[in-house]
Amino acid sequence: MTTTVHRDLANRLRARFRGTLLRPGEEGYAEARRVWNGAIDRHPALIARCAGADDVQEAIRFAREHDLPVAVRGGGHSVLGYGVRDGGLVIDLSGLKSVTIDPVRRTARAAAGLTWAEFDLAAQRHGLATTGGTISSTGIAGVTLGGGFGHLLRRHGLTVDNLRGADVVTADGERVRADADLLWGLRGGGGNFGVVTAFEYDLHPVGPLVLGGPIFWPLDQAARVLRFLNDFAPTAPDELSVVLLAAPAPPMPFLPADRYGTPVLGLLPVWCGDLAEGARVLAPLRGTGTPIGDLVRPVPYRSIQSMLDLSAPAGTASYWRSRRLPALTGAVADLITAFVTSMTSPFSLVNGWVIGGAASRVAPEATAVGARAPGFELRLIANWRPGDPDPGRHRAWVRDGWDRLGPHSDGQYATFLSDEGPDGVRAAYGDRLARLTALKQRFDPENVFHLNPNIRPGKGEIR
Ligand code: FAD
């Protein structure tokens, strides 16, 4: 049964709210309760689409006065659908779109409802960028608060390493400028400490052209290519990032048609420095084995930032788990091959990230982000059509693979946390948890913001 907030009660908030309030059945509600993951089907009691930080204050105060559990929504890409909840109040930030670029100081001030496509468009008008998510519809908010992996991470660090300031509405409805302690927590500690309404980032000259594009090999060459990548990645210049995608070959014109649907290993290298030097650096990777397709070429940075969009269309049902790996050993390469050949859905994929360079040189205590040592993050992503009669088999494929990766792993990236529960939070934050729980006690002692990889206030416990 769908719970709603009584019209008279909603009208009390309406009287002091500039944005849009949506109750079940009202026009716009059905669209507003949808998130990226098509497996999520929740019915909030009230969706508060905020027009500004003042609306966020009003919404939080209203929720607390009326004992309504809160969900916070930025770009709506949480794989567990943390941006919506049954019977709760959704603080929807998707209408907060302002962005100001200072090309002289090379900084950006960006409202929390922006997607990376919108942010990159504004920054690239000045030839600037900061490390940001690689699917263009993802929200800057969730990506930033979890750490922020992107194609620039080896050159410019994680997104949080470029986060210089934040405006926050706290659990008691106050607007604050994040002090040093709070900013530390926002650099990786997720949505635990308040609702961020604006982020300030450092920007860097990037592009407009970078060198990049996918290279695909048949899966029987995966072991050789991964061995090469394992040795090559840690020593490559910082300008190079590499994303891994292993899956059935997509029906792309640059691949032979007889390979469509057959298992392949794909790498997406992106070089953000001098193009001629990048061509030299990338040559040995491109020359490894016998690729069946190689689309590496000079391409606008913004095109690279949306190149993977087709691998993650909104509305697909999805579930994932992820692990940090110090190395792509032979055993891990064998597992990757086994994962691809045992996929239960043609839309699923194995996704990996090379971690290193600038992201690994940031002092461990500087941010709440966990392990930063050079290595790899490997994620098993099951995707299937909503309505599939047996989604359990796709989830089981992920969990089984994740279990098998366990002995090869030494941690986990917070933003890719799924339903691992407290163990996952511990794996992601490690010895930062004590400081995070103290910060939670200071800013959200009643755990109003608990629909997230939750850090409990006070005692170093986690839920
Ligand atoms: P939402 O679902 O809107 O938010 C997720 C949670 O973040 C919220 O429930 C809340 O707890 C918190 N939150 C959001 N906004 C705020 C705010 N303003 N203040 C306080 N808390 C807030 N991660 C990477 O690092 N790099 C990637 O390239 C990347 N690609 C992805 C691609 C896809 C298709 C998907 C589904 C996820 C990807 N992720 C990536 C993971 C992503 O960073 C997280 O899922 C992130 O939480 C999504 O942010 P969002 O704002 O879109 O999501």
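Values in this document were obtained by computation on a predicted structure and should not be read as measured data.

Enquirer: Can you walk me through the site of the ligand in this structure?
Expert: Residues in contact with the ligand amount to 35 residues; listed here are only the nearest, Gly74, Gly76, Thr134, Tyr413 and Thr415. Ser78 has a polar backbone atom sitting 2.9 Å from an oxygen atom of the ligand. Taking Tyr413, its side chain carries an N or O atom lying 2.7 Å from an oxygen atom of the ligand. Here the ligand loses 96% of its free accessible area of 940 Å² to cover by the protein chains. If you list the elements that add at least two residues to the shell around the ligand, you get β3 (70-73), α5 (140-146) and β10 (195-202). At four residues, α5 tops the list of elements feeding residues into the shell around the ligand.

Enquirer: Quick question: what am I supposed to make of the packing of helix α11 (residues 330-341) against helix α13 (residues 391-405) here?
Expert: With their axes 11 Å apart at the nearest point, α11 and α13 run at an angle of 170° to one another. Here α13 runs roughly antiparallel to α11, going by the angle between their axes. Contact with α11, carried on its side by Leu335, Ala338 and Phe339, involves Trp397, Gly401, Arg404 and Leu405 of α13 and no other residues of that element. For the contact of α11 with α13, a count of residues per class yields five nonpolar, one polar and one charged.

Enquirer: Please explain the domain arrangement of the protein chain as it appears in this structure.
Expert: Interfaces are frequently sized by the accessible area removed from exposure as the parts join. What the domain assignment lists for the protein chain is domain 1 (3-92), domain 2 (99-206) and domain 3 (209-421). Spacing between the C-alpha centres of domain 1 and domain 2 amounts to 23 Å. Listed by partner, the interface residues are eleven residues for domain 1 and 13 residues for domain 2. Note on domain 1 versus domain 2: buried area summed over both sides is about 1000 Å², and carbon and sulfur give 64% of it. Contact with domain 2 buries area across many residues of domain 1, yet Gln57, Ile60 and His77 alone supply 40% of it, more than any other trio.

Enquirer: Just to check I follow, could you spell out α13 for this structure?
Expert: Side chains of residues three or four places apart in an α-helix project in the same direction, reflecting 3.6 residues per turn. Taking 1.5 Å per residue, 15 residues should reach 21 Å; α13 reaches 22 Å between its end C-alpha atoms and fits that length. When we look at burial in α13, the residues that qualify are His394, Trp397, Val398, Gly401, Trp402 and Leu405. Angularly, the buried residues of α13 cover 120° about the axis, an arc narrow enough to put them on a single face. Elements in contact with the buried residues of α13: β18 (317-325), α11, β19 (349-355) and β20 (375-384).

Conventions we followed
- Residues numbered from 1 in each chain as written.
- Predicted model: local features only at pLDDT ≥ 70, side-chain atom pairs only at ≥ 80, totals over all residues.
- Heavy atoms only, no water.
- Near = heavy atom within 4 Å.
- Polar contact = N/O pair within 3.5 Å; in protein donor to acceptor, adjacent residues only side chain to side chain.
- Areas by Shrake-Rupley, 256 points an atom, 1.4 Å probe, with all protein chains shown as cover.
- Helix = DSSP H or I, 4+ residues; strand = E, 2+ residues; numbered from the N terminus.
- Axes fitted to C-alpha atoms, helices over the stretch in contact; angles between N-to-C directions.
- Parallel < 35°, antiparallel > 145°, perpendicular 65-115°, else oblique.
- Contact = heavy atoms within 4.5 Å.
- Nonpolar A, V, L, I, M, F, W, Y, C, P; charged D, E, K, R; others polar.
- Domains from an automatic or database assignment.
- Buried area = accessible area lost by both parts, 1.4 Å probe.
- Expected span 1.5 Å × (residues − 1).
- Buried < 20%, exposed > 50% of the residue type's maximum accessible area, 1.4 Å probe, protein only.
- Arc of directions from axis to C-beta.

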